[in-house]
Every structure is written in structure tokens, then in C-alpha cells.
Amino acid sequence: LYLEIKGVWIAYLGGQVRLMLILAVIYSVAWLLIGLPGAIWIGMLAGFLNLVPEVGPGIAAVVAILIAGLEGSRFLPISNGWFALLTGGVYLVLNNFKTIYLQPRILGKSVFLHEGVVFVAIIAAIMLQGMLGVLIVVPVLASGMIIGRYIRRRLFGLHPFNDLSPQE
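**Details of the overall build of the chain**
Logical step 1: Within the chain, the secondary structure is distributed over six helices and zero strands.
Logical step 2: Scanning the chain from its N terminus toward the C terminus, one meets helices and strands in the order α-α-α-α-α-α.
Logical step 3: By the compact-globule yardstick of 15 Å for 168 residues, the chain is too spread out, its C-alpha radius of gyration being 20 Å.
Logical step 4: Principal-axis analysis of the C-alpha atoms places the extent of the chain at approximately 70 × 30 × 20 Å.
Logical step 5: Expressed as a percentage of its 168 residues, the buried residues of the chain come to 40%.
Logical step 6: Contacts in the chain between residues at least 24 apart in sequence constitute 60% of all its contacts with a sequence separation of at least 6.
Logical step 7: Of the roughly 9700 Å² of accessible surface on the chain, a fraction of 75% belongs to carbon and sulfur atoms.

Given below as C-alpha cells:
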């Protein structure tokens, strides 16, 4: 039982690392496309800070908006103020894409939960527990599923683990 739960938490950590790398690439490319100075570094910062749910990427967005407001676009012929608004809008679109589609899909696959269940769990954790809840809700839910399956199999007199033969 311990090894299965440990495997879930390790897989969740691997999913978080994959999510961070994917988000770093997505933010960097999006901000490069609109001409944000330092887009690659700010995108990597946004991906890395995704480890702190919602607040981390928000910090990177504030940095990006400040740079956009101060320096403007490298090639778009708009004022710095409008470019700062565009940069913030790109962040909002990407953050919603991450929250609605990417995060549930990647984290769900890493711990073998349906992405709909992961999405609902993340939204519930945002409303009830805040940042810490969002960070741990997925592996706690997957661990609960393992424990529930173990208890159910024991109550029905079945071997508690599918992969072990009765001789073991």
C-alpha cells in the first residue's frame, strides 16, 4: 500500500515538472510572438513559478506587464500602455488554458485520474483551501482512491493488490 501511494506522489511530482516545462515554453513562445523584451526569461519564470499555484504565474505576469509598459513591443506599432494590456490579455488567455485544459490533463494522466475529476478537485480546492489545497489535492485524491480500492478488496475477501498472485 505504501509503495502504491509513494508511486502516486512521485508520478504527481513528475507531472508537475512536465507542466512547468510545457508552460515555460508556451508562455515564452506567446510573449515572443507579440515582441515582449526578455520573453524567454519571463516565460521560464512563469513556468517555474507555476509550482506556487495561481500566485507564481501571476508574479511572472506582473513582471511581464511592467516590462511591456516600460519598454514596449519589439515590433508591434502600438503604445506601451496598449502593449501592456495586450501582454496581460495573453497571460489571462494562457492561464485559463492552463487551468481548464492543460493542468487537469497532465496531472490526471500522471496519477491515473480522469481530467474532469482533477479539474473539479482543483476548482474545489481553490474555493475551499487556497494555494496549498490546489498543490496537494490531486495526489491526496489519488491516494484516497488507492486506499479505498484496498479497503474494498479486503472487505470482499479479494487480494488487495491486482498485480500480485495469490502465492506471494
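**Describing the packing of helix α1 (residues 2-33) against helix α4 (residues 80-111)**
Logical step 1: Contact geometry of α1 with α4 gives a least axis separation of 10 Å together with a crossing angle of 155 degrees. Here α1 lies roughly antiparallel to α4, going by the angle between them. Seen along the crossing, α1 lies across α4 with a hand that is right-handed.

**Focus: helix α6 (residues 131-155)**
Logical step 1: With 25 residues, α6 should reach 36 Å at 1.5 Å per residue; the first-to-last C-alpha distance of 36 Å fits that figure.
Logical step 2: The sharpest bend along α6 reaches about 45 degrees and sits at V137, with the proline P139 one to four residues further on.
Logical step 3: Among all positions in α6, only G133, V134, V137, V138, P139, A142, S143, I146 and R153 are buried.
Logical step 4: Where α6 is buried, its residues touch α1, α4 and α5 (115-128).
Logical step 5: Once α6 ends, the next one or two residues include G157, with phi positive near 75 degrees.

**Quick word on the side chain of T99**
Logical step 1: As for its position among the elements, T99 is in helix α4.
Logical step 2: For T99, a relative accessible area of 11% gives the class buried.
Logical step 3: In this structure T99 touches E54, P104 and F119, once residues within four positions along its chain are discounted.

**Describing the nonpolar core**
Logical step 1: Counting 21 residues, the largest nonpolar core has Y27, W31, L36 and V90 as its most contacted members.
Logical step 2: Broken down by secondary-structure element, the contributors of at least two residues to this core are α1, α2 (39-48), α3 (55-71) and α4.
Logical step 3: Take this core: its biggest share by element is seven residues, from α4.
Logical step 4: Sequence-distant contacts of W31, that is, excluding residues within four places in its chain, are made with L36, A39, I42, G43, A46, A60, A61, A64, T87, V90 and Y91.
Logical step 5: Among the nonpolar cores identified, the runner-up in size contains 15 residues, and L113, I122, V134 and V138 belong to it.

**A short note on the environment of G116**
Logical step 1: As for its placement among the helices and strands, G116 is situated in helix α5.
Logical step 2: Each C-alpha atom of the pair G116 and P104 lies 7.1 Å from the other, and the pair is 12 residues apart in sequence.

**Section: a nonpolar patch on the surface**
Logical step 1: A cluster of nonpolar residues, L45, L51, V52, V55, I59, V63 and M131, forms a patch on the protein surface that exposes about 500 Å² of accessible area.
Logical step 2: At three residues, the largest contribution of residues to the nonpolar patch is made by α3.

**A look at α4**
Logical step 1: Over its 32 residues, α4 runs 43 Å from end to end, which matches the ideal 46 Å to within 8%, given 1.5 Å per residue.
Logical step 2: Where α4 bends most, at K98, the angle is about 45 degrees.
Logical step 3: Of the residues trailing α4, F112 is marked for its positive phi of about 60 degrees.

**A look at unusual backbone geometry**
Logical step 1: At F112, a position not held by glycine, the phi torsion is positive, near 60 degrees.
Logical step 2: The residue F112 is located in the loop between α4 and α5 in this model.

Conventions adopted
Residues numbered from 1 in each chain as written. Predicted model: local features only at pLDDT ≥ 70, side-chain atom pairs only at ≥ 80, totals over all residues. Heavy atoms only, no water. Helix = DSSP H or I, 4+ residues; strand = E, 2+ residues; numbered from the N terminus. Rg over C-alpha atoms; globule rule 2.2 N^0.38 Å. Buried < 20%, exposed > 50% of the residue type's maximum accessible area, 1.4 Å probe, protein only. Contact = heavy atoms within 4.5 Å. Areas by Shrake-Rupley, 256 points an atom, 1.4 Å probe, with all protein chains shown as cover. Axes fitted to C-alpha atoms, helices over the stretch in contact; angles between N-to-C directions. Parallel < 35°, antiparallel > 145°, perpendicular 65-115°, else oblique. Left-handed = near helix turned anticlockwise from the far one by under 90°. Expected span 1.5 Å × (residues − 1). Bend = angle between axes of the 7 residues up to and from the residue. Core = buried A, V, L, I, M, F, W, Y, C linked by side-chain atoms within 4.5 Å. Patch = residues over 30% accessible without salt bridge, like charges linked within 9 Å, V, L, I, M, F, W, Y side chains within 5 Å. Salt bridge = Lys/Arg side-chain N within 4 Å of Asp/Glu carboxyl O.

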